[in-house]
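One letter stands for each residue in the lines below.
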Amino acid sequence: MSEQMYSNSKLSVAILGAGAWGASLANLAAANGHQVRVWSRQGSQIQAVLKDVQIVLSAISMIGVRDVASQVQSFPLSPETIFVTATKGLDPQTTCTPSQIWQTVFPNHAVVVLSGPNLSKEIQMELPAATVVASNIPTAAEIVQLVFSSGRFRVYTNPDPLGVELGGTLKNVIAIAAGVCDGLQLGTNAKAALVTRGLTEMVRIGNNWGAKTETFYGLSGLGDLLATCNSPLSRNYQVGYQLAGGKSLTETLANLQGTAEGVNTCQVLMQRAKQQNIPVPITEQVYRLLQGEVTPRQALDELMLRDIKPEYNY
Ligand SMILES: NC(=O)C1=CN([C@@H]2O[C@H](COP(=O)(O)OP(=O)(O)OC[C@H]3O[C@@H](n4cnc5c(N)ncnc54)[C@H](OP(=O)(O)O)[C@@H]3O)[C@@H](O)[C@H]2O)C=CC1
Ligand SMILES: O=C(CO)COP(=O)(O)O
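With an unreviewed UniProt entry as reference, the protein is termed Glycerol-3-phosphate dehydrogenase [NAD(P)+], source organism Nostoc flagelliforme CCNUN1. Of the protein, the UniProt comment under Subcellular location (unreviewed entry) reads exactly: "Cytoplasm".

*Asks:* Quick one: what's the story with the packing of aromatic side chains, residue by residue and with numbers?
*Replies:* Throughout the structure, instances matching the rule amount to 4 aromatic pairs. Residues Trp102 and Phe106 carry aromatic rings whose centres are separated by 6.1 Å and whose planes lie at 15° to one another, so their mutual orientation is stacked. Ring centres of Tyr237 and Tyr241 lie 6.0 Å apart, and the angle between their planes is 20°; on these two criteria the pair is classed as stacked. Linking Tyr237 with Tyr241, this pair stays in helix α12 (residues 235-244), spanning 4 residues, or about one helical turn. By relative accessible area, Tyr237 is classed as buried at 7%. Arg272 extends its terminal NZ or CZ atom over the ring of Trp209, reaching a point 3.6 Å from the ring centre.

*Asks:* Let's hear about the domain arrangement of the protein: which residues, and what values?
*Replies:* For the protein, the assigned domains read domain 1 (3-159) and domain 2 (162-304). On the side of domain 2, 28 residues touch domain 1, which itself brings 29 residues to the contact. The largest contributions to the domain 1 side of the interface with domain 2 come from Lys88, Leu90 and Leu119, which together make up 30% of the buried area. The interface formed by domain 1 and domain 2 contains 1 salt bridge. Residues Asp224 and Lys88 are paired through a salt bridge, measuring 2.7 Å at the closest nitrogen-oxygen approach. Between the two partners, domain 1 and domain 2, sit 6 residue pairs in polar contact (both at pLDDT 80 or more). Of all the secondary structure elements, the ones that give two or more residues to the side of domain 1 that touches domain 2 are α5 (98-105), β5 (111-115), α6 (120-124), β6 (129-134) and β7 (153-158). Its residues assigned to classes, the side of domain 1 that touches domain 2 shows 12 nonpolar, 13 polar and 4 charged.

*Asks:* So what's going on with the UniProt feature "binding site: sn-glycerol 3-phosphate" (unreviewed entry) in the protein? Which residues, and what values?
*Replies:* Here, the residues flagged by UniProt with the feature "binding site: sn-glycerol 3-phosphate" (unreviewed entry) are Lys88, Gly116, Lys171, Asp224, Ser234, Arg235 and Asn236. Within the element layout of this structure, Asp224 appears in helix α11 (residues 219-229). For Asp224, a relative accessible area of 1% gives the class buried. Only 2.7 Å separates the side chain of Asp224 from the side chain of Lys88, close enough to count as a polar contact. Of note, Asn236 is situated in helix α12. Once you skip the residues sitting within four places of it in the chain, Asn236 turns out to touch Asn172, Ala175, Ile176, Ala260, Glu261, Gly262 and Val263.

*Asks:* Summarise the site of ligand 2; cite the residues concerned and give the values.
*Replies:* Taken together, Lys88, Gly116, Pro117, Asn118, Leu119, Lys171, Asp224, Thr228, Leu233, Ser234, Arg235 and Asn236 are the residues near ligand 2. Arg235 is positioned with one of its side-chain polar atoms (N or O) 2.5 Å from an oxygen atom of ligand 2. Relative to its unbound accessible surface of 310 Å², ligand 2 loses 91% to contact with the protein. The set of elements that each furnish at least two residues to the shell around ligand 2 consists of α11 and α12. Residue composition of the shell around ligand 2, grouped by class: 3 nonpolar, 5 polar and 4 charged. Composition of the shell around ligand 2 by domain shows at least three residues from each of domain 1 (3-159) and domain 2 (162-304).

Cut-offs used in this document
Residues numbered from 1 in each chain as written. Chains lettered and ligands numbered in written order. Predicted model: local features only at pLDDT ≥ 70, side-chain atom pairs only at ≥ 80, totals over all residues. Heavy atoms only, no water. UniProt positions renumbered as here; feature names shortened; annotations may be inferred. Phe/Tyr/Trp six-rings, centres within 6.5 Å; stacked < 30°, edge-to-face > 60°. Helix = DSSP H or I, 4+ residues; strand = E, 2+ residues; numbered from the N terminus. Buried < 20%, exposed > 50% of the residue type's maximum accessible area, 1.4 Å probe, protein only. Lys NZ or Arg CZ within 6 Å of the ring centre and 35° of its normal. Domains from an automatic or database assignment. Contact = heavy atoms within 4.5 Å. Buried area = accessible area lost by both parts, 1.4 Å probe. Salt bridge = Lys/Arg side-chain N within 4 Å of Asp/Glu carboxyl O. Polar contact = N/O pair within 3.5 Å; in protein donor to acceptor, adjacent residues only side chain to side chain. Nonpolar A, V, L, I, M, F, W, Y, C, P; charged D, E, K, R; others polar. Near = heavy atom within 4 Å. Areas by Shrake-Rupley, 256 points an atom, 1.4 Å probe, with all protein chains shown as cover.

Encoded structure:
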């Protein structure tokens, strides 16, 4: 399978998940002339959507990924079919990333991660954005790059799928903290400190997992942090903002449009950080806040009054 073969051809693309992100990605591929079929639990049979497709893109919330992957497994697909995952979460049972789940279920297929600063509402409004596609199989990433690239969606390739996937996933926890920061009106200095130290925490976790440091300084790490920590369009930011305003987590989630993956990611991350002995002070305070163990103000004090230390351990 070569990139050249695909450069001018129009592909058949199945999008699994008709939520905010699945619908936006479907529009981007369709606008480039590709044949796009979208599947959701309420819609057509998955079998009809998967028939003869060259690309299967999953934009399913983390909670449904394992189940949907095993549904897909029961249908015959060409060995050339490329899987793309756009989910930003971690599996609660195994702490696996979505791409690790897809790769385990489809060990002989190319799997590509798509992640970046991509607030779907802005993409629906046709505002310009950039993203990253990453795979261990470079030609697969290049094919996916061609499918989605346009004058309003700039797609970069990257050889570190784990780093790209973790960037988009881990930033959701920091986005909750950023929402708290703004909800408490702590100011621009506090927000800059939070996001910067949040990035340090993401790099620390990512390195332990085997991801490359520099990936976190790219679009899928720093880029996505900047987008979600500064925008009320981010559901994760909204969760933090509402909690800071005194709402309960149950009330906040009940009124939220769509999925805020950071809530579950935070639980999984705490589990993994404890197992691996990784210091994650911001994640820990977000976890305690979500559990109702601390108030937003107490979480702030806990972070500010930690033992003083050097910025980096060189
Ligand atoms: N919105 C955004 O701006 C972006 C979102 N993402 C990520 O994409 C993923 C989806 O987000 P988004 O589209 O916004 O979320 P939505 O809540 O809008 O949609 C979630 C989608 O997942 C499906 N789904 C949920 N649970 C299950 C299940 N158990 N089995 C099968 N399907 C299920 C829903 O199906 P149904 O409609 O049938 O309920 C729906 O299609 C998340 O991981 C998110 O972090 C990534 C980048 C940008
Ligand atoms: O990941 C996103 C933008 O890149 C979407 O953020 P939320 O899931 O917080 O809305």
